[in-house]
Amino acid sequence: MKLVVVESPSKSKTLQKYLGGDYEILASYGHVRDLEPKTGAVNTDDFSMKYQIIERNQKHVDAICKAAKRADEILLATDPDREGEAISWHLAEILNEKKLLKPGKLKRVAFYEITESAVKDAVAHPRDISMDLVNAQQARRVLDYLVGFNLSPLLWKKISPGLSAGRVQSPALRLIVEREEEIEKFTPREYWTLHLDSHKEKQTFSARLTHFEGEKLTQFSVENEARQAQILKTLEAKEAKVMQVEKKRKARNAPPPFTTSTLQQAAVRQLGMTTDRAMRTAQQLYEGIDVGSGTVGLITYMRTDSVNLANEAIADIRDWVGKKFDKDFLPSQPIHYRAKTKNAQEAHEAIRPTSVARTPESLKSFLSSDQYRLYELVWKRAVASQMNAAQFDTVAADMMVNQGVFRATGQTLAFAGFLAVYHDDEEDEEEAKLPLLKEGEILPVDNLYGEQHFTQPPPRFTEASLVKALEEFGIGRPSTYASIISTLQDREYAILDKKRFMPTPIGRLVNGFLTRHFTHYVDYDFTAKLEDRLDDVSNGKRVWTKLLEDFWKEFNGELAAKQNVERGVPMEEKCPKCGATLNMQASKRGIFIGCSAYPTCDYTRPLHGNEEGPSVLGSYPATGEDVFLMNGRFGWYVQVGVTPEDKKAPKPRRASLPKGLPPESATLEMALKWLSLPREVGHNPKTGLPIVANIGRFGPYLLHDGKFKSIPKDDDVYTIGLERAVEVLEMPATRGRGAAGSEKKELGKHPEDGKPVNLQNGRYGWYVSHNKVNATLPKDLDPQSITLLDALPLIAAKAEKGGTTKKAAAKKIPAKKAPAKKPAAKKKAS
C-alpha cells in the first residue's frame, strides 16, 4: 500500500479515483506544526526553533502516522509552493521522530493541476523535499515571529494593550494612512476647459480648445471664470474651418493570463468580490468540482506569480480559437508573456483552465454563482491571451476658430480580436464616432462654452488598488494579500467605506508610532529588499540563518533604544495650559489628546467632539436640522435634530454606528447613509410587493411579503439592487429562527464517516455542523465562500472540546394526581 498525503480532504476522492485502490489518501488539513506561541520559541543565538503540533490537527497527524506504519511508500503531495513544501518537511520530521521512515520510503510529489494526467505524471516522477524552499518559509515565519512577539508588547506599553504590529501588515497600513493624509492635505485647484459644439449633416460632435493665440494650452492655462469668458469673447464666431484630419490605426494587445495578484484585482473590480472570497472560490475550482462525470480540478494552482502557460495548454487554446473564430483572430505564432511584477518568483504556470474544452457555459449547472463567475473570468482571460490584438481606427481633426484651435477626436473598433472573448472594465475604451471630415471644409459653430473643473485628491485604496500597490512595492506575496487585508480590518486599523479603505484613529496612532520610531521597518524599500533576500534563500543563493542574524542584530538594537520613548504620537499642536507638545494617545475609552508633560500637566481632551455636548456632523439635507453624533446606553449613534423634552412626542430619526467603527471616524456622509435605512429596494417583479432593506438584531436583512431574509456578507445593505435582492430572496432556507430563518447548505461529506457537513445560519449567526457537532464560524471566515476544508478543522476542534450540542431534554415530571377521595365512612347501625 502507498500513502499519499495532501493538504485538503476535498482532493482525496479525486486522487483516489485517479490512483486506484493501491493508494490510501489522507489530508493534513493545512499546517501540522507551528512555533510554540510563547517567548523563547526561537533561540536568537543560533535560530533553532521549538515547534509543536497544532492542536486542532493532532488527530489528523495521528491518522497519518498510523497509516505510515503499514505503508510501503509515502508520497507527500502538499501544495506546490513554499508553504506546501514546509508542510511536507514538518510531516517528514514528525514521522522521523517516531521512527516510521526507512531509507527511500518517503518522496515528495507536486502537481499544479488536479487532472488525471498531471497527478499520474507527478506520482511517476517524485523528488526529494526542497530544503531551500523549506528554509525560505522558516525564515519568513521566524521574521514574523520576531517582529510580532517583540514589537507588539512595546505597542501595548506605549499606546494601548492588545495592539499588534506585523512585518508586512505595518507597511500596508502605512500605505492606507499616507493616502488619507494626502487627501486631507489636498487643496483643490480650479481650472477651465473650453469647448465647441458643431455638426455635419445630422451628426453632432464636440471639440476641445488645445491652442490659443499660438500657444498650446496646459491644464492650468485657464484658471478662472473671468479668463475663460475673455477667451470665449475673443473666439466668438459662427464658423470653424477644418485645418487637419489625422487618421491612425491603433492596436490593443491581449492581457496575459492571470497571476494570483491580477486575478484578485479583477475579481474585486469586475465581480465585486473581496480578495478573500476570490481566493476561497479559486481554491474550490482548483481542488475539484463534480461535473457529472466525476470530480475534476477546473483551474491550475491559484498561487503563482507566473504569466507563462505550458506548451500543451497553449496548443489546446490555439486549437480551440482556430475552430471557433476566423483565421484573423489566431496569431501566426504562439504568444509568450514575461512577468513585469517586482519579485516575481514562482516557476510554474499562470492560472488557466485545466481544459479549454470545458467552457463556462457547459459547466454552469455544476457550479455555484461565485464559482461560475470566477471560472468564466479565468477561462476567458486565458483564451484571450492567445488571440490577436484588437484594432481601433482613431481620427483627430483640428479646427480653426479665429485665434483658437479646437481638436475633435473619435475612435471606432475596426477588429475585435481578443475583445471578442474578454473585456476588462478598467481598460475598455469607449467608442466615439466623428462624421467624415475633410481638410478645408467649413462647419457651423453651434455653441462655444467653458467647463469649470477642480483637481481631485488621490482616491482611497480599494481592495483591488491596494493589492496592486502591494505588488508594485514588493510588500508580501500574492498568497498573503488577502490575509494582510483581513488582518488590518480585524485589528480595526482600517475600515472599508463604500469599498474604499479608511484608517481608523487607532490605525493612525499605531502607524504614527511605527513610522516615528521604527521607520526602517515600515519602509517600503526595506520590506521589498527583505522579500528579495527570502527569494535568494528559496533559490539557494543565501543562507537563511545569516539573513535572520543580520535582521535580528539591527532590530534588537532598535527595540532596546525605544523602550523609554514617550507614550503616544507627538502632534504639532501645543498644550494650551503649559505650552508643551500634545500627544495623540489611547485609553480604554478611546483615542484622546493629552499633554506630553503629564503628570505635571493633566490637560486632556477627546479626539472627537468636546466635553460640553454631542458633536455636530453637519445638516440633514431634507430638513436642515443638525445631525448629532451621540453616545447612549447601547453605544454610539447618530441623530437628526434635538431630542424633544415631551416624552410623548415622536422620537428623532436615529441610526447606530456599525460595530467596530470608532466614533472618531464618523462623518456626515456616513451618517446620512446610516440614516437612509430602512430603504425600499424596489418591487419584486414576480409578486409586485415591495422589498425593504434594513439592519436588525441579527444583521442586514431583506423584508418581503412579511418574511425576512439575511443579506449575504459580501452584499451591501445600502446599495443592494433589485435584481440581486430577488436572487437573495430565492436562496434556499430551512426552518429556524433569526432575521432570515435558518439557511442551510451542504459543504460536502465528512471524509471519516461520509455524513454531510452543513453550513447553517441560526439565531446567533453562521456555523458549521456535522453529526450533532456545531462550530461557530470565526468572524474572518466568509460564510458565502466557506469550503469543506475550512469547516473540518473547526468541527474537529469543537468535538475535542466536547462540542456535541444536544438540546437539554426537559425532565419529564409526572403530573401530580389529585389525591383519591376516601370513601365515605359507613355509619354503623345503632
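Above this text sits the structure in question.
Since we're looking at a predicted model, the values are computed, not measured. (Residues numbered from 1 in each chain as written. Predicted model: local features only at pLDDT ≥ 70, side-chain atom pairs only at ≥ 80, totals over all residues. Heavy atoms only, no water.)

A.B. asks: Can you help me understand the overall build of the chain in this one?
C.D. replies: Assigned secondary structure in the chain consists of 20 helices and 34 strands. Sorting the 830 residues of the chain into buried and exposed places 49% on the buried side. For the chain, the proportion of contacts with a sequence separation of at least 24, taken over those separated by at least 6, is 64%. With the model as given, the accessible surface of the chain reaches about 43000 Å², and the carbon-plus-sulfur share is 49%. (Helix = DSSP H or I, 4+ residues; strand = E, 2+ residues; numbered from the N terminus. Buried < 20%, exposed > 50% of the residue type's maximum accessible area, 1.4 Å probe, protein only. Contact = heavy atoms within 4.5 Å. Areas by Shrake-Rupley, 256 points an atom, 1.4 Å probe, with all protein chains shown as cover.)

A.B. asks: Can you walk me through empty space enclosed by the protein in this structure?
C.D. replies: A water-sized probe, rolled over the atoms, reveals where empty space remains. According to the stated counting rule, one finds two cavities of 30 Å³ or more in the structure shown. In this structure, the largest cavity is lined by 14 residues; those nearest its centre are V147, G166, R167, Y521 and V522. Of all the secondary-structure elements, those providing two or more residues to the lining of the largest cavity are α5 (131–158), α16 (524–538) and α17 (544–561). Residue contributions to the lining of the largest cavity peak at three residues, all from α16. Within the lining of the largest cavity, the residues separate by chemical class into ten nonpolar, three polar and one charged. (1 Å grid on protein atoms, 1.4 Å probe; cavity = no way out; pocket = protein on both sides within 12 Å on 5 of 7 lines; lining within 4 Å. Points joined across faces, edges and corners; volume = space filled by probe spheres on them. Nonpolar A, V, L, I, M, F, W, Y, C, P; charged D, E, K, R; others polar.)

A.B. asks: Quick question: what am I supposed to make of the environment of G762 here?
C.D. replies: With respect to the helices, strands and loops of the structure, G762 is situated in strand β32 (residues 756–762). When the C-alpha atoms of G762 and K744 are compared, they prove to be 9.1 Å apart, with 18 residues separating the residues in sequence.

A.B. asks: Where do I start with the pattern of salt bridges in this structure?
C.D. replies: Pairing between side chains of opposite charge can happen when their charged atoms approach one another. Per the counting criterion, the structure on display carries 41 salt bridges. Residue K120 is joined to E116 by a salt bridge in which the shortest nitrogen-to-oxygen separation is 2.9 Å. With K120 and E116 both in helix α4 (residues 116–124) and four residues apart, the pair spans about one turn of that helix. The class for K120 is partly exposed, based on a relative accessible area of 40%. Note on E116: relative accessible area 39%, which makes it partly exposed. The partner of E376 in a salt bridge is K380, with the nearest N and O atoms 3.4 Å apart. Placement of both E376 and K380 in helix α12 (residues 369–384) is noted, with a separation of four residues, approximately one turn of the helix. Bridged by salt links that share partners, the residues R140, D144, R167 and E531 form one connected network. (Salt bridge = Lys/Arg side-chain N within 4 Å of Asp/Glu carboxyl O.)

A.B. asks: Would you mind showing me how to read the pairing of strand β2 (residues 23–27) here?
C.D. replies: Two faces make up the sheet, and in a regular strand the side chains alternate between them. Taking burial as the measure, the five residues of β2 include four buried ones, the bulk of the element. Taken together, the five bridges between strand β1 (residues 2–6) and β2 define a ladder with parallel strand orientation. In the strand pairing of β2, V6 is matched with A27. A crossover links β1 with its parallel partner β2, the connecting element being helix α1 (residues 12–19), and its sense is right-handed. (Pairing = 2+ DSSP bridges. Right-handed = clockwise from strand over helix to strand, strands pointing away.)

A.B. asks: Honestly, the sheet that holds β1 in this entry has me stumped. Any pointers?
C.D. replies: Strands belonging to one sheet form pairs held by backbone hydrogen bonds; the direction of such a pair is parallel or antiparallel. Spatially, the four strands line up as an open sheet ordered β2-β1-β5-β6, and their pairing is parallel. Each edge of the open sheet carries a strand with a single partner, namely β2 and β6 (106–108). The average angle at which neighbouring strand axes cross in this sheet is 20°, direction not considered. As defined by bridge partners, β1 adjoins strand β5 (residues 73–76) across four bridges and the pair is classed as parallel. Bridge assignment links V4 to a residue of β5, and that residue is L75. (Axes fitted to C-alpha atoms, helices over the stretch in contact; angles between N-to-C directions.)

A.B. asks: Looking at this structure, how should I read the environment of V123?
C.D. replies: Along the chain, the position of V123 falls in helix α4. Note: C-alpha distance between V123 and V109 (14 residues apart in sequence) is 6.0 Å. Those residues in contact with V123 that lie beyond four places of it in its chain are L19, Y23, L75 and V109.

A.B. asks: Is there a simple way to explain the environment of L163 in this structure?
C.D. replies: Inspection of the secondary structure puts L163 in the loop between α5 and α6 (169–185). Spatially, the C-alpha atoms of L163 and S152 are 6.3 Å apart, while their sequence positions differ by eleven residues.

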